Amino acid sequence: FPSFRRPVARVWTVVLLLGTCLLYCARVAMPICAVSMAEQFSWSKRESGMVLGSFFWGYCFTQVFGGYVSDRVGGEKVLLLSAAAWGSMTAFTPILAHFCSQPILSMTLARFLMGLLQGVHYPSLASLCSQKVVESERGFLMSTVGSGSYLGTLVIGGAGSLMLDLYGWESVFYVSGLLSVLWAYCMWKYLLKGEGPIITLESLGSGGPQSKLSKRHWLRLLKQPAVCAVIVTHLCTASTFFTLLSWLPTFFKDTFPDAKGWVFNVIPWLVAIPSSLFSGCLSDHLISQGRFFSMGVSSVFTLLLCGNTTFPWAVAFVSATMGLTTFSHSGVSVNVQDLAPSCAGALFGVMNTCGAFSGVLMVYFSGYLIEATGSWATVFALITTVNLLGLCTFLAFAEARRVDIDSIRPTHPSLSELSE
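Being a predicted model, the structure only gives us computed values, none of them experimental.

Let's shift gears to the overall build of the protein chain. Scanning the protein chain from terminus to terminus reveals 17 helices and zero strands. When each of the 420 residues of the protein chain is scored for burial, the buried share is 59%. Intrachain contacts of the protein chain at a sequence separation of at least 6 include 87% that bridge at least 24 residues. Surface summary for the protein chain: the accessible area is close to 16,900 Å², and the carbon and sulfur share equals 68%.

Encoded structure:
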């Protein structure tokens, strides 16, 4: 693969940050609009949970594939093609809702397809980072690009809430979808210089050192306790994060009906952005301690939401939970690259598949719990339990030494080497 020189790498960092921001603008459009859509189409909590959860079913299926392809043809091609596709799907979502006789079915299918298309994003980033960036710089780069998820949720939470009130829920999908397509076009035109992002079967079959990883090597890798630990931990943290992301707007609307949407859709993510950048610096040095701190303390704040609380305190508890969750996300993205740099994209895909699958179950099951018990406390108690399970697994088995095949060395020059 052609490697990024340092000035180009800085441009790519900003571009990928913006792309991740738009990824979450498109992803969070549905949770932001879910209450309005449920009222218009007469959905129950269980049906809303089915629509919100269907995204993660699709998200499960393309994680490993996205990492596999990125390890061979380059993550930038995969990112470009997927962004053009999920941006278009987002823009067409209102049309599908209004012109289908069964909106519940069309929205469930649309969210499933969105999940399929967005599922390749993070494995592609992990693959790109492991190929181009030296170990000491990975945490900061991944956390900087990863903070786009919180920036995107912040932007869509603020601007989306205003558009929702002023122009209707359809406008949220139109704007976020069209901006995403525009980003993909600019990336193709100015960074890839208009070269066609063509992925051939030949390129999939060859690739770099990653192609040397046979089934036997993969089995040996997955038998390593450290690899299993990071997969289980990511499963727990991802599922709780996805559940909070999907249900928090509905929680605030149900519990505090007079509250302004832009407040609870903006403030938690305003806290998460600087927290994510700080966690990247910390995760390069203190992965285990950072994860222990984040998962342990965030569980306490989530548990506090189980009791009766005022709106300002609820926003404060949610903000603390989301801010601390960023430490886990930075830690896991770096830990994968430490454990298996030769196949970081594919292994990250395996982890995200597990996380997305558990996210499906938890998002849907949360809707069932709310409807069955009439209490949000059961959902927050479930989130706390799953979080603590992940914490115990990580503390017991995780480590940062390389466990993939020693003979396989990445052949891609690092950014630091190129700048010397």
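This part covers the pattern of salt bridges. Within this structure, the stated rule accounts for two salt bridges. Put simply, D254 and K45 hold a salt bridge, and the shortest N to O gap is 3.2 Å. Taken together, the residues D254 in helix α11 (residues 225-255) and K45 in helix α2 (residues 45-61) connect sequence positions 209 residues apart. For K45, a relative accessible area of 25% puts it in the partly exposed group. Note that E371 and R46 form a salt bridge whose closest N and O atoms lie 3.3 Å from each other. Of this pair, E371 sits in helix α15 (residues 344-373) while R46 sits in helix α2, and the two are 325 residues apart along the sequence. Residue classification places R46 among the partly exposed residues on the basis of a relative accessible area of 35%.

Its 25 residues place the ends of helix α4 (residues 75-99) 36 Å apart at the C-alpha level, agreeing with the 36 Å of an ideal helix rising 1.5 Å per residue. At F92, α4 shows its maximal bend, which comes to roughly 40 degrees, and the proline P94 appears one to four places after that position.

So, on to the packing of aromatic side chains. Ring pairs (aromatic) are described by centroid distance and by the angle formed between their planes. In this structure the tally under the stated criterion is 27 aromatic pairs. Look at F55 and Y59: their rings are 5.4 Å apart centre to centre, the planes differ by 25 degrees, and that puts the pair in the stacked class. Here the residue F55 and the residue Y59 both occupy positions in helix α2, the gap between them amounting to four residues, near one helical turn. The class of Y59 is buried, set by a relative accessible area of 2%. Chaining the aromatic ring pairs together yields one cluster made of W247, F251, F252, F256, F264, F311, W376 and F380. The side chain of R27 reaches across the aromatic face of Y24, ending 4.4 Å from its centre.

As a further point, take the nonpolar core. Generally speaking, soluble globular proteins have nonpolar side chains that are buried together. Counting 104 residues, the largest nonpolar core has M37 and F252 as the members making the most contacts within it. Broken down by element, this core gets its largest block of residues, 18 residues, from helix α1 (residues 6-41). Filtering out sequence-adjacent residues up to four positions away, M37 remains in contact with M30, S42, W43, M107, W169 and F173.

Attention now moves to the state of the cysteines. Throughout the structure, instances matching the rule amount to zero disulfides. Free of any disulfide, C228 has its nearest neighbouring cysteine sulfur in C354, separated by 9.8 Å.

Moving on, we come to a nonpolar patch on the surface. A surface patch of nonpolar side chains, amounting to about 980 Å² of accessible area, comprises F92, I95, L96, F99, Y174, V175, L178, L179, L182 and Y185. Of all elements in the fold, only α4 and α8 (169-191) reach the threshold of two or more residues within the nonpolar patch. If one sorts the elements of the nonpolar patch by residue count, α8 sits on top with six residues. Relative to the assigned elements, L182 resides in helix α8.

Here we come to unusual backbone geometry. In the Ramachandran plot, S42 falls in the positive-phi region, its phi being about 60 degrees despite a non-glycine side chain. When its relative accessible area of 61% is taken as the criterion, S42 is described as exposed.

Our focus in this paragraph is the confidence of the model for the protein chain. Of all residues in the protein chain, 80% attain a pLDDT of 70 or more, and the chain-wide mean is 80. At the low end of the mean pLDDT range in the protein chain sits helix α17 (residues 415-419), at 39; at the high end sits helix α5 (residues 103-118), at 94. A low-confidence stretch, residues 206-212 (pLDDT under 50), is modelled with 16 contacts involving residues beyond four sequence positions or located in other chains.

Rules of the game
Residues numbered from 1 in each chain as written. Predicted model: local features only at pLDDT ≥ 70, side-chain atom pairs only at ≥ 80, totals over all residues. Heavy atoms only, no water. Helix = DSSP H or I, 4+ residues; strand = E, 2+ residues; numbered from the N terminus. Buried < 20%, exposed > 50% of the residue type's maximum accessible area, 1.4 Å probe, protein only. Contact = heavy atoms within 4.5 Å. Areas by Shrake-Rupley, 256 points an atom, 1.4 Å probe, with all protein chains shown as cover. Salt bridge = Lys/Arg side-chain N within 4 Å of Asp/Glu carboxyl O. Expected span 1.5 Å × (residues − 1). Bend = angle between axes of the 7 residues up to and from the residue. Phe/Tyr/Trp six-rings, centres within 6.5 Å; stacked < 30°, edge-to-face > 60°. Lys NZ or Arg CZ within 6 Å of the ring centre and 35° of its normal. Core = buried A, V, L, I, M, F, W, Y, C linked by side-chain atoms within 4.5 Å. Disulfide = S-S within 2.5 Å. Patch = residues over 30% accessible without salt bridge, like charges linked within 9 Å, V, L, I, M, F, W, Y side chains within 5 Å. pLDDT = per-residue confidence, 0-100.

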